[in-house]
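Residue-level structure breakdown
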Amino acid sequence: MASLDPNISGFRPVIRQLDDAAINRIAAGEVVERPASAVKELVENAIDAGATRISVDIADGGKTLIRVTDDGCGISPEQLPLALSRHATSKIDGSDLLDIHTFGFRGEALPSLGAVGRLTITSRVPGDEAATIRVAGGQVEPVKPAALRSGTVVELRDLFFATPARLKFMRTDRAEAQAITDTIKRLAMAEPSIGLTLRDVSGGGEGRIVFRADAESGDLFDALHARLARVIGREFAENALRIEAEREGIRLYGYAALPTYSRGAAVSQYLFVNGRPVRDKMLTGALRAAYFDFLSRDRHPAAALFVDCDPTLVDVNVHPAKSEVRFRDPGIARGLIISTLRHALADAGHRASTTVANATLGAMRPETAPHPGPARIYQMDRPSMGARTAAYRAQAPEPMPAPGFAELSQSYSGQMIEPAAVVEDQTPETPVEQLPLGAARGQVHENYIIAQTADGMVIVDQHAAHERLVYEKLKTQMAENGVAAQALLIPEIVELSEGDCARLLEVADHLSKLGLTLEAFGGNAVAVRETPAILGEVNARAMILDILDELADQGESQMVQARIEAILSRVACHGSIRSGRRMRGEEMNALLREMEATPHSGQCNHGRPTYVELKLADIERLFGRS
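What this report covers is the structure whose coordinates are included nearby. (Residues numbered from 1 in each chain as written. Predicted model: local features only at pLDDT ≥ 70, side-chain atom pairs only at ≥ 80, totals over all residues. Heavy atoms only, no water.)

Here 3 strands make up an open sheet; going across it, the order is E21-E23-E22 and the pairing antiparallel. Pairing within the sheet leaves two strands with one partner each, and these edge strands are strand E21 (485–495) and strand E22 (517–520). When strand polarity is set aside, the average angle formed by the axes of neighbouring strands in this sheet is 20°. Direction of pairing for E22 relative to strand E23 (residues 525–532): antiparallel, over a ladder of 4 bridges. Considered in E23, the bridge of Thr517 is made with Glu530. (Pairing = 2+ DSSP bridges. Helix = DSSP H or I, 4+ residues; strand = E, 2+ residues; numbered from the N terminus. Axes fitted to C-alpha atoms, helices over the stretch in contact; angles between N-to-C directions.)

Right, dumping it as structure tokens:
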């Protein structure tokens, strides 16, 4: 059996002053968790030095080699030894630890890396000779002359050779290389005006380029949009909304994707504070809350958001790796993110992701040609609108009593719309075909509306589209009239811990707006007096405990609102046009016009698209036309 007091012995403990080597190795354990941490520190130093081009070479996942080359201002020979001293930095003077305008400020990275690896720094400042300095396992060698045109080259070999136990916790070379790539991509997004290259030189030679992003030009948003297209992907850039807002000294800008462009995990969420990549729970919670009403729980939004403010309004010195921040007033930053994103999504209206159309076109694969060689391209002249209309009239069949479209629709589950049904909705100013969702031309399988637009066609899921329209109406009514509450005949008393009770009462006002009324009941108990009427009979204690779990995990709770909106979603589902119902032409066009006028109608209540748009050029390519 283990001793109850294993740390207590008969000897009085003696306080000792650790030597510099031990201190640096301890600091390295906090700052340098893995090779990606070393890359992050060195690239941030290059950015702070004013570099415009940064090249990173790695070998074996960064375990045996990390080399960072930049064209920054450099380090003079007499300051190279000082650069390897703990808490020596050129970025702050120590008078104000909140007024920080650079990535680094602690002066710990270089001495920490030199304590656990073999570090070589070669640098040259304009108008001076180049010099180099080496340190291995904390042992610093004298400064020597070197050959270098400009800038700085920092080479780190055999990371953690001085602390072999740390090597046992390293992952595979592939996993470590992937972590380095992710780090470089985040820094590339933060600095679109800087060119970055990542090369894997494992095995020697020139190696292979893993990632490359040339410096972008143009204004802030043009450069950022181009860099995001390079880093996250062109599909994200095509389906991202421009975000820009400012409130009480905090500015928010960047790009956020449409709800229909969502991911199965939170892998495309990039957040920056004053240009610094962060993984902050409050910011990610605000992003999730902004998309709360548009995505199911198993889908995650994609966004690259930048929060800029005066450095005195945010503390970046709260985490060893500086990956977390603390705002002086987090409520302002959180509210700015939620409200700005929701306004941007509302302004997007019925717009849906282009990836839906791409997936549809990908499913429509033409049959494989029977002969080898490239596919044959058929040339054709596209007739004018007048020529097509004349041709349709000439080819129109004579009226016959034998089976027509009404009878055929019984077998083929489709119906055509008479021309009059379309013409009556047209106006001289805006023909129906010129509207975003076009003019309804038919219905297939009693569920899908086919509409013609100016440059393609649209396929609408009538049930999903109308469900979203009804849902938005119900939400608007509830926002105007409030959430009805039902009083409990006997208030339910819920006993909690002191901390949980205080945390719950802090959000009591917010919960009361959702129909859940509670108040302190002496000691650590709360009394639940009213619950949302739309939820019917509820287990008040279980609801309170679920709310507390969300508050502890995320700092906020959307649980009550989620339950209310789930009820509204079910009501909307039952009150919408059902699949299998045949619609008249005017009904179809009315649905299309209402979709154009209703925010968020491009996706259903679960984030799935309500329509697919196919461009005429893409359709013609499916048939081999050019």
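From this point on, the discussion continues.
Formed by 60 residues in total, the largest nonpolar core has its most connected members in Val43, Ile54, Val56, Leu119, Ile184 and Phe236. In this structure Val43 touches Ile54, Val56, Val68, Ile184, Leu187 and Leu196, once residues within four positions along its chain are discounted. Judged by nonpolar contacts, the second largest core, of 34 residues, contains Leu241, Leu295, Leu305 and Ala344. (Core = buried A, V, L, I, M, F, W, Y, C linked by side-chain atoms within 4.5 Å. Buried < 20%, exposed > 50% of the residue type's maximum accessible area, 1.4 Å probe, protein only. Contact = heavy atoms within 4.5 Å.)

Most peptide bonds adopt trans geometry, and most residues besides glycine take a negative phi value. Here Asp158, not a glycine, exhibits a phi torsion of approximately 50°, which is positive. Tracing the chain through its elements places Asp158 in the loop between strand E7 (151–157) and helix H5 (164–167).

Let's shift gears to the environment of Leu196. Residue placement: Leu196 occurs in strand E8 (residues 195–200). Distance from Leu196 to Arg212, taken between C-alpha atoms, is 5.8 Å for residues 16 residues apart in sequence.

This next bit is on helix H4 (residues 109–116). The buried count for H4 comes to 8 of 8 residues, which makes it a mostly enclosed element. For H4, the set of buried residues is Ala109, Leu110, Pro111, Ser112, Leu113, Gly114, Ala115 and Val116.

With that settled, consider the pairing of strand E11 (residues 250–257). Burial analysis of E11 places 7 of its 8 residues in the buried class, the great majority of the element. Hairpin connection from strand E10 (residues 240–247) to E11: 2 residues lie between these consecutive antiparallel strands, with Glu248 at a positive phi of about 50°.

Attention now moves to the environment of Glu446. Its location among the elements puts Glu446 in the loop between strand E18 (439–444) and strand E19 (448–453). The buried category is assigned to Glu446, whose relative accessible area is 16%. Through-space distance from the C-alpha of Glu446 to that of Arg578 is 9.1 Å; in sequence the pair is 132 residues apart. Reaching out from Glu446, the side chain makes a polar contact with the side chain of Arg582 at a distance of 3.5 Å. (Polar contact = N/O pair within 3.5 Å; in protein donor to acceptor, adjacent residues only side chain to side chain.)

Its 13 residues place the ends of helix H20 (residues 585–597) 19 Å apart at the C-alpha level, agreeing with the 18 Å of an ideal helix rising 1.5 Å per residue. Within H20 the residues assigned to the buried category are Gly585, Glu587, Met588, Asn589, Leu591, Leu592, Met595 and Glu596. (Expected span 1.5 Å × (residues − 1).)

Before going further, it helps to spend a moment on the packing of helix H6 (residues 173–190) against helix H7 (residues 220–231). Where H6 meets H7, the closest approach of the two axes is 9 Å, and the angle between their N-to-C directions is 165°. Considered as vectors, H6 and H7 are oriented roughly antiparallel to each other. Crossing geometry of H6 relative to H7 is assigned as left-handed. Residue-level contacts link Lys185, Ala188 and Met189 of H6 to Leu224, Arg227, Leu228 and Val231 of H7. (Parallel < 35°, antiparallel > 145°, perpendicular 65-115°, else oblique. Left-handed = near helix turned anticlockwise from the far one by under 90°.)

Below, the discussion takes up the sheet that holds strand E13 (residues 276–278). The 5 strands are arranged E10-E11-E14-E12-E13 in an open sheet whose pairing can be described as mixed. In this open sheet, the two strands that pair with only one neighbour each are E10 and E13. Averaged over all pairs of adjacent strands, the angle between their axes in this sheet comes to 20°, without regard to strand direction. Of the pairings in the sheet, the one linking strand E12 (residues 269–273) to E13 comprises 3 bridges and is antiparallel in character. Bridge assignment links Phe272 to a residue of E13, and that residue is Pro277. Set on the sheet, helix H9 (residues 281–290) makes contact with E12, E13 and strand E14 (303–309); between it and E12 the angle comes to about 130°. On top of the sheet, helix H10 (residues 330–347) reaches E10, E11 and E14; it is set at about 140° to E10, its chief contact.

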